[in-house]
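Here's the letter readout for the chains.
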Amino acid sequence: MCGIVGVVGRESAAPRILEALRRLEYRGYDSAGIATLVNGYIDRRRAEGKLSNLAAVLEATPLPGTTGIGHTRWATHGAPTERNAHPHGTLRVSVVHNGIIENHAELRAELEAKGQAFETDTDTETFARLVDQNLAEGMAPEQAAAAALKRAHGAYALAMVFAGHPRTLICARQGAPLAVGYGEGEMFVGSDALALAPLTRRIAYLEEGDWAVVDDAGARFFDLQDRPVQREIRLTAVSGAATGKGNYRHFMEKELHEHPVVLGDTLTQYLDPMTRSVTLPPLPFDPAAVPRLTISACGSAFLAGLVGRYWIEQLARIPVDADVASEFRYREPPLPEGGAALLVSQSGETADTMAALRLLKERRQKVLAVVNVPESSMAREADGAVLTVAGPEIGVASTKAFTAQLAVLACLAIGFGRARGTISAEDEARLTATLLEVPGHAAMVLERDAEIRAMAAEVAKARDVLFLGRGTLFPIAMEGALKLKEISYIHAEGYAAGEMKHGPIALIDSAVPVISLCPSGPMFEKTASNLQEAAARGGRIMAFTDDLGAARLKAFAERVVVLPRVGDFSAPILHAIPVQLLAYHVAVLKGTDVDQPRNLAKSVTVE
Ligand code: F6R
């Protein structure tokens, strides 16, 4: 989603802003622009499409100046054209914005009546013209910005510069993240620490409702009521070095191959190999006393939550509700006194999940976030956080962060089970041992790469694809379908294998690959029967299974990829890897933009 960068620097700002915007490319965008202060005047360059287009514009007509703002735009209001690209503004002020100004139509009508002539369809221009109007009426930049912020409703992160104030930048946050970076005699603003990584690691985050004046003297922070507030400067763990592609063609490929390390790093946070037991960080609720647990998340993170529901209900016997966050808020679910909730998120910034967090807290539920970015809004606002140790995930489609979420949820399920006495110490030791083998098994799964690529060559020809699984592999079937849709643009559905005969079986013919997650174990016979039903109707069966399952499936399956025999508990973690890898290879064969698929954004900060 939109990325923001700002610099009050000592050297030419535009190249540094462009570089920082490159580090925000992963969030997804469709146009970009930069404005700087040149001899006290605002000048800007913008381009539709990729940052390379903006770079070409800057090369042809360089933009001098040491102070400026930049933006990658993911279109919400107005098509992704150069005209609608940020920065927006007037001769007096230039603004970049992430989010939506919800009352833009009303403000626009008011400003037009005052003589403001709009140039674009964007909600952002409304805010810029609101500030401009305040400046025209004699206010100084600080007053003008503060007054405009009080009129703007919605979710936003904003940064702005002012003509005649070449060393000042004002920024604000309401519902979308923003960080201020402290350099050596220079100051920066960015959507996240990654954007600022090579510039500085000293970061202060704006809190909800904050705005800040950033200049040569540092940063002055104010709350919603314009009261001065202090915001702690922290040393972020994010380093510029962690964000390269290495020898891989795509970030997604690199991140897929990081699975064993990420799973190892995450599991060793919570598992003790010597005692074969789980050690959880302090929790904001007592799992032994919790009457009910609510899980809420979006996209792949929600699918991880669905697997978590199976595990927690089976091992800890806590009734669990799981909802996509955008539905949870409006469903008005009754929540019990003393209830608890789990939120799952890679970025920790997803607007729908953040809205769920606030609703849960309003309803006095104790909220634990399973989150990858320790400095994120979710990690800070939840009552407690359990971290996935996946490192920065740049590919828009989640891969290693998803399996790391599963790893954490598995540890939580064991920990909750022990706390409630629903599993024994022997069970804990056995399940812990199973999880400790996961990183090694993940490496073995990655060795099947060539076979999965060969399967991808067949899948790439299809228009529709069905993924089938049962139990904890049902959400993984949905993950396979989601990933394929996202990056290869092939229509896919993830279904519970037993549910296929209640509808999707009508789709099956010789053009539809039916990809099943079907390891040996208690669910095997039933799933194999469902696959035979599909095969009998001409469906092309492709299966991920183990050696025992393969012996049976080979009789009617077109392709069988044999994975290590791992048992029920860790099967969803290990089956997520080949379905993600399959989607990756299909996307490469189809020549799509694997790391930044069309229309998608990494951190979805609008509802
Ligand atoms: C799918 C994907 C998305 C995210 C979703 C939630 O590959 O990446 O579906 O899982 O947007 O994002 P986070 O986890 O950052 O809350």
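Residues numbered from 1 in each chain as written. Predicted model: local features only at pLDDT ≥ 70, side-chain atom pairs only at ≥ 80, totals over all residues. Heavy atoms only, no water.

Let's talk about helix 20 (residues 571-590)
Taking 1.5 Å of rise per residue, 20 residues should cover 28 Å, and helix 20 covers 29 Å from first to last C-alpha, within 8% of that figure. Counting buried residues in helix 20 gives 17 out of 20 residues, a clear majority hidden from the surface. One or two positions beyond helix 20, positive phi appears at glycine 591, with a value near 70°. (Helix = DSSP H or I, 4+ residues; strand = E, 2+ residues; numbered from the N terminus. Expected span 1.5 Å × (residues − 1). Buried < 20%, exposed > 50% of the residue type's maximum accessible area, 1.4 Å probe, protein only.)

Some details on the pairing of strand 27 (residues 559-562)
Sheet analysis places strand 26 (residues 540-545) next to strand 27, joined by four bridges and oriented parallel. In the strand pairing of strand 27, phenylalanine 544 is matched with valine 561. With helix 19 (residues 547-553) bridging strand 26 and the parallel strand 27, this β-α-β connection has right-handed handedness. (Pairing = 2+ DSSP bridges. Right-handed = clockwise from strand over helix to strand, strands pointing away.)

Some remarks on the pattern of salt bridges
Considering all chains together, one arrives at 40 salt bridges under this definition. Residue aspartate 216 is joined to arginine 10 by a salt bridge in which the shortest nitrogen-to-oxygen separation is 3.4 Å. You can see aspartate 216 sitting in the loop between strand 12 (211-215) and strand 13 (218-222) and its partner arginine 10 sitting in the loop between strand 1 (3-8) and helix 1 (13-24), a full 206 residues away along the chain. Ionic pairing is found between arginine 358 and glutamate 208, a salt bridge with its closest N-O pair at 3.7 Å. One end of the pair, arginine 358, is in helix 11 (residues 351-362); the other, glutamate 208, is in the loop between strand 11 (202-205) and strand 12, and 150 residues separate them in sequence. According to the relative accessible area criterion, glutamate 208 is partly exposed, its value standing at 29%. Connected through salt bridges with shared partners, the residues Arg173, Glu208, Arg358 and Glu381 form a single ionic network. (Salt bridge = Lys/Arg side-chain N within 4 Å of Asp/Glu carboxyl O.)

Describing the nonpolar core
Of all hydrophobic cores here, the largest spans 87 residues; its most connected members are Ile312, Leu435 and Phe467. By residue number, the principal contributor to this core is helix 20, which donates twelve residues. For this core, the domains that each give at least three residues are domain 2 (245-436) and domain 3 (447-599). Once you skip the residues sitting within four places of it in the chain, leucine 435 turns out to touch Leu267, Leu271, Ala410, Cys411, Ile414, Phe569 and Ile573. Grouped together as the second largest cluster of nonpolar side chains are 29 residues, Tyr29, Ala47, Leu54 and Phe188 included. (Core = buried A, V, L, I, M, F, W, Y, C linked by side-chain atoms within 4.5 Å. Domains from an automatic or database assignment. Contact = heavy atoms within 4.5 Å.)

With respect to the state of the cysteines
One pass over the full model with this rule turns up zero disulfides. Free of any disulfide, cysteine 2 has its nearest cysteine sulfur in cysteine 171, 16 Å distant. (Disulfide = S-S within 2.5 Å.)

Describing the environment of leucine 343
Within the secondary structure layout, leucine 343 lies in strand 20 (residues 340-345). When near neighbours in sequence (up to four residues on either side) are disregarded, leucine 343 contacts Ser296, Thr353, Leu357, Leu360, Val367, Leu368, Ala369, Val370 and Met378.

A short note on the pairing of strand 3 (residues 41-48)
Walk down a regular strand and you will see the side chains alternate between the two sheet faces. One ladder, built from eight bridges, connects strand 2 (residues 31-38) with strand 3; its direction is antiparallel. By the bridge assignment for strand 3, alanine 32 is matched with alanine 47. With antiparallel pairing between neighbouring strands as the criterion, strand 2 and strand 3 make up a hairpin whose turn holds two residues, including asparagine 39 at a positive phi of roughly 50°.

Focus on the environment of alanine 443
Along the chain, the position of alanine 443 falls in helix 15 (residues 438-446). Among the residues examined, alanine 443 registers a relative accessible area of 31% and is labelled partly exposed. With 131 residues separating them along the chain, alanine 443 and leucine 574 place their C-alpha atoms 9.7 Å apart.

Here we look at the environment of isoleucine 318
Turning to its location among the elements, isoleucine 318 is positioned in the loop between helix 9 (299-316) and strand 19 (320-324). Overall, the relative accessible area of 2% leaves isoleucine 318 in the buried class. Along the backbone, isoleucine 318 and proline 291 are 27 residues apart, and their C-alpha atoms lie at a distance of 6.9 Å. Setting aside its immediate chain neighbours within four residues, isoleucine 318 contacts Pro287, Val290, Arg292, Leu293, Ile312, Glu313, Phe416 and Arg420.

Considerations on the sheet that holds strand 4 (residues 67-73)
One key point about sheets: their strands pair by backbone hydrogen bonds, in either a parallel or an antiparallel sense. With respect to topology, eight strands assemble into an open sheet ordered 3-2-4-1-10-9-11-15, the strand pairing being antiparallel. Of all the strands in the sheet, just strand 3 and strand 15 (234-235) have a single pairing partner and so form its edges. Two elements, strand 9 (residues 179-182) and strand 10 (residues 187-190), share four bridges in a ladder whose sense is antiparallel. Opposite alanine 179, over in strand 10, you have glycine 190 as the bridge partner. On the sheet, helix 1 packs against strand 1, strand 2, strand 4 and strand 10 and is oriented at approximately 150° with respect to strand 1. (Axes fitted to C-alpha atoms, helices over the stretch in contact; angles between N-to-C directions.)

Quick notes on the packing of aromatic side chains
Inspection of the entire model under this criterion finds three aromatic pairs. Each ring, one from tryptophan 211 and one from phenylalanine 222, has its centre 4.5 Å from the other, and the planes form 25°; the classification is stacked. Here tryptophan 211, found in strand 12, pairs with phenylalanine 222, found in strand 13; they are eleven residues apart in sequence, far enough to count as distant. For the pair tryptophan 211 and phenylalanine 222, one class covers both residues: buried. The positively charged end of arginine 129 is found above the aromatic ring belonging to phenylalanine 118, 5.5 Å away from the centroid. (Phe/Tyr/Trp six-rings, centres within 6.5 Å; stacked < 30°, edge-to-face > 60°. Lys NZ or Arg CZ within 6 Å of the ring centre and 35° of its normal.)

Purely geometric numbers; function is a separate question.
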